[in-house]
Amino acid sequence: MNNRKTEIKVGSNLEKVLASGQFCCTGEIGPVTYSSFDNIDKHAEEMRGKVDSVNFTDNQTAVVRLSSWAASLRLLQLGMEPNLQMVCRDRNRLAMQSDFLGAYAHGIRNVLCLTGDHQAFGNHPGCKGVFDLDSVQLIYMLKRLRDDGCFECGAECKVAPKFFIGCAENPFGDPFEFRPIRLEKKVNAGADFVQTQCILDMERFERFMELCVERGLHDRAYITAGIMPVKSPKMARYMQHGVPGMIVSEEFCQRLEKAEDAKAEAVQLSVEYINHCQEMKGVAGVHVMAVAWESIVPSVVEKAGLLPRPTF
Amino acid sequence: MIVVENKSAEDILKMVAPYKKILVAGCYGCVTVCLAGGEKEVGLLASQIRMAREKEGNPIEVLEQTVERQCDKEYLVNFQDKARDVEAIVSLACGIGIQYLAQVYEPIPVFPGVNTQFLGANLDVGVWEEYCMACGECVLDKTGGICPIARCSKSLLNGPCGGSQEGKCEVDKSVDCAWHLIYDRLKALGQLDKMAEYIPAKNWHRNEGPRKLVKEDLTLEQ
Ligand code: SF4
Ligand code: SF4
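### Let's talk about the site of ligand 1
Line of reasoning, step 1. Ligand 1 sits among Cys132, Met133, Ala134, Cys135, Cys138, Val139, Leu140, Cys147 and Ile149 of chain B.
Line of reasoning, step 2. Class assignment of the residues belonging to the shell around ligand 1 gives a composition of nine nonpolar, no polar and no charged.

This is the structure in structure tokens:
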């Protein structure tokens, strides 16, 4: 449920959907590891009219990919709304702010601030991780740019970028009781909306949301739930054991394993989770991230009854 | 202490290949405690070099000496007699000692016999772990006495990243998540409110080149 009507700060489509009290639905495209827009053009067409904005991951899993910035710009040129992801691993505050100036000047309005996977996971494990700022400090820097018109150093920025500021939170990380507090730190720092880590264990997510609602976080930021269609039981099991910071429920794995058509079951699970989130207190929308399976997003969204998307 | 690891004899033999008479210089400081650069290790390396060169039919004379601290000029002068006599020096001190020795005994070439690793604690026999990065602005008061700069793989200041699970760091299951440790410690201390406190962006203090500390009261005395 969203139902929360608030003032518009920035005016991105995503913000308008959320501020109008409607349940938002966003998508995600992982840029490729070579110099081409082909996958973006393809998936953008699939998602056109089906999602309110599209995230572009920033060197996801610490593997070199086409930059989130360039991908976002491409989507703008295609007449759709991007959500620029930015991790703390690859840039210091200088490079980040410079990218924000450029991104805003080009018309990008949504940013998602993340810590970033450790470089040890990627294809350049010997590189120097930057982590000049952490994600909370990054959010605060963006808020000051927008609301106070000044850079991190305090100097004035003549034409300051005004972003709709997003953050992530992982209800499946530990210590569990600290996760809502960490989210509160991000909201205090200036986060307007939240996209959670993908939910593959609904029970734990429910407990997380209860704690968030107790703290009143849903009244101060739009909390959107991460939904991931998982193509195969093998992948679900891998995420259950091999991906740090993820919890995949036994039920989720077994349903995929027992299904005759695992892909159809994956869509069904996502649809059920979305519909469940629609009923949950404090959840303002869903973020559908179909990693390496972007083309499935439209049918998930449609089956969940989220179409047509609002227009303004 | 400063924790170092010995370079391989093979690497060191390459460095000293052109010379016939060298000095292996040890230090009684940290490198003695971490069993890599004290008197005993100096003796060990010196005989390794001698034996290897003997075998090659290219003998070398290797002098040995260990001083109190190589990072202090007062003790470095003790190398004077032997240093004057050799073509090169291999130092088993940390990176600081090696550089200072090279500076004081210029133009004698000085080579590193160790890889300086980190500032760490001796957790068990033969086990050391990084505990401090000498960041220049200690935050241990805010973090229950556990350093997030050195012990969190991402040097985060506002709590654990999303990869923290069951007390372990996302980088490796054998690595404790520093922020989980901090959480547990603050909880035990009844100071969990500190976890909610915003810690602002850090001044990494690298903006003036190498850092320098001058204690005016001490310099004026001299
Ligand atoms: S905060 Fe950590 S790195 Fe900085 S001085 Fe204190 S212990 Fe050392
Ligand atoms: S898991 Fe813990 S120690 Fe590892 S990077 Fe994240 S916060 Fe730091």
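### Section: the site of ligand 2
Line of reasoning, step 1. With respect to spatial proximity, the complete set of residues near ligand 2 consists of Cys152, Ser153, Lys154, Pro160, Cys161, Ser164, Cys169, Glu170, Cys177, Ala178 and Trp179 of chain B.
Line of reasoning, step 2. Classifying every residue of the shell around ligand 2 by side-chain character gives seven nonpolar, two polar and two charged.

### What about the pattern of salt bridges?
Residue and element names in this part refer to chain A.
Line of reasoning, step 1. On inspection of all chains with the given rule, the structure shows 28 salt bridges over all chains.
Line of reasoning, step 2. Measuring nitrogen to oxygen at the nearest pair gives 2.7 Å for the salt bridge that ties aspartate 90 to arginine 89.
Line of reasoning, step 3. On the accessibility criterion, aspartate 90 (32% relative accessible area) is partly exposed.
Line of reasoning, step 4. We note a salt bridge from aspartate 147 to lysine 143, for which the minimum N-O separation is 2.9 Å. Taken together, the residues span about one helical turn, with aspartate 147 and lysine 143 both in helix H5 (residues 135-148) at a distance of four residues.
Line of reasoning, step 5. Three or more residues are tied together by salt bridges with common partners; here these are Lys9, Lys143, Arg146, Asp147 and Asp192.

### Points about the packing of helix H6 (residues 179-189) of chain A against helix H7 (residues 202-214) of chain A
All names here are of chain A.
Line of reasoning, step 1. As a packed pair, H6 and H7 sit with axes 9 Å apart at the nearest point and diverge in direction by 50 degrees. As the angle between them shows, H6 and H7 are arranged oblique. For the pair H6 and H7, the crossing hand works out as right-handed. On H7, the residues touching Arg179, Pro180 and Leu183 of H6 are Phe208, Leu211 and Cys212.
Line of reasoning, step 2. Among the residues forming the contact of H6 with H7, the class breakdown is five nonpolar, no polar and one charged.

### Considerations on the interface of chain A and chain B
Line of reasoning, step 1. Each partner contributes residues to the interface: chain A has 32 residues there, and chain B has 28 residues.
Line of reasoning, step 2. For chain A, the biggest contributors to the area lost against chain B are Gln137, Asp174 and Lys185 of chain A; these three give 22% of the whole.
Line of reasoning, step 3. Across the contact surface, chain A and chain B share zero salt bridges.
Line of reasoning, step 4. Here chain A is connected to chain B by 22 residue pairs in polar contact (both at pLDDT 80 or more).

### Regarding helix H9 (residues 233-242) of chain A
Residue and element names in this part refer to chain A.
Line of reasoning, step 1. Residues Ala236, Met239 and Gln240 constitute the buried set of H9. Down the axis of H9, the smallest arc covering the buried residues is 105 degrees, so these residues share one side. In H9, those exposed residues whose orientation departs by more than 90 degrees from the buried face are Lys234, Tyr238 and His241.
Line of reasoning, step 2. Residues of H9 that are buried make contact with helix H10 (250-258).

### Considerations on the packing of H5 of chain A against H6 of chain A
Residues and elements named next belong to chain A.
Line of reasoning, step 1. Across the interface, H5 lies against H6 with an axial gap of 8 Å and an inter-helix angle of 20 degrees. If you check the angle between H5 and H6, you find them roughly parallel. Considering how the two elements wind past one another, H5 and H6 form a crossing that is right-handed. Between H5, through Ser135, Val136, Ile139, Tyr140 and Lys143, and H6, the contact on the second element is made entirely by Arg182, Lys185, Lys186 and Ala189.
Line of reasoning, step 2. Of the residues belonging to the contact of H5 with H6, the class tally is four nonpolar, one polar and four charged.

Parameters and conventions
Residues numbered from 1 in each chain as written. Chains lettered and ligands numbered in written order. Predicted model: local features only at pLDDT ≥ 70, side-chain atom pairs only at ≥ 80, totals over all residues. Heavy atoms only, no water. Near = heavy atom within 4 Å. Nonpolar A, V, L, I, M, F, W, Y, C, P; charged D, E, K, R; others polar. Salt bridge = Lys/Arg side-chain N within 4 Å of Asp/Glu carboxyl O. Buried < 20%, exposed > 50% of the residue type's maximum accessible area, 1.4 Å probe, protein only. Helix = DSSP H or I, 4+ residues; strand = E, 2+ residues; numbered from the N terminus. Axes fitted to C-alpha atoms, helices over the stretch in contact; angles between N-to-C directions. Parallel < 35°, antiparallel > 145°, perpendicular 65-115°, else oblique. Left-handed = near helix turned anticlockwise from the far one by under 90°. Contact = heavy atoms within 4.5 Å. Buried area = accessible area lost by both parts, 1.4 Å probe. Polar contact = N/O pair within 3.5 Å; in protein donor to acceptor, adjacent residues only side chain to side chain. Arc of directions from axis to C-beta.

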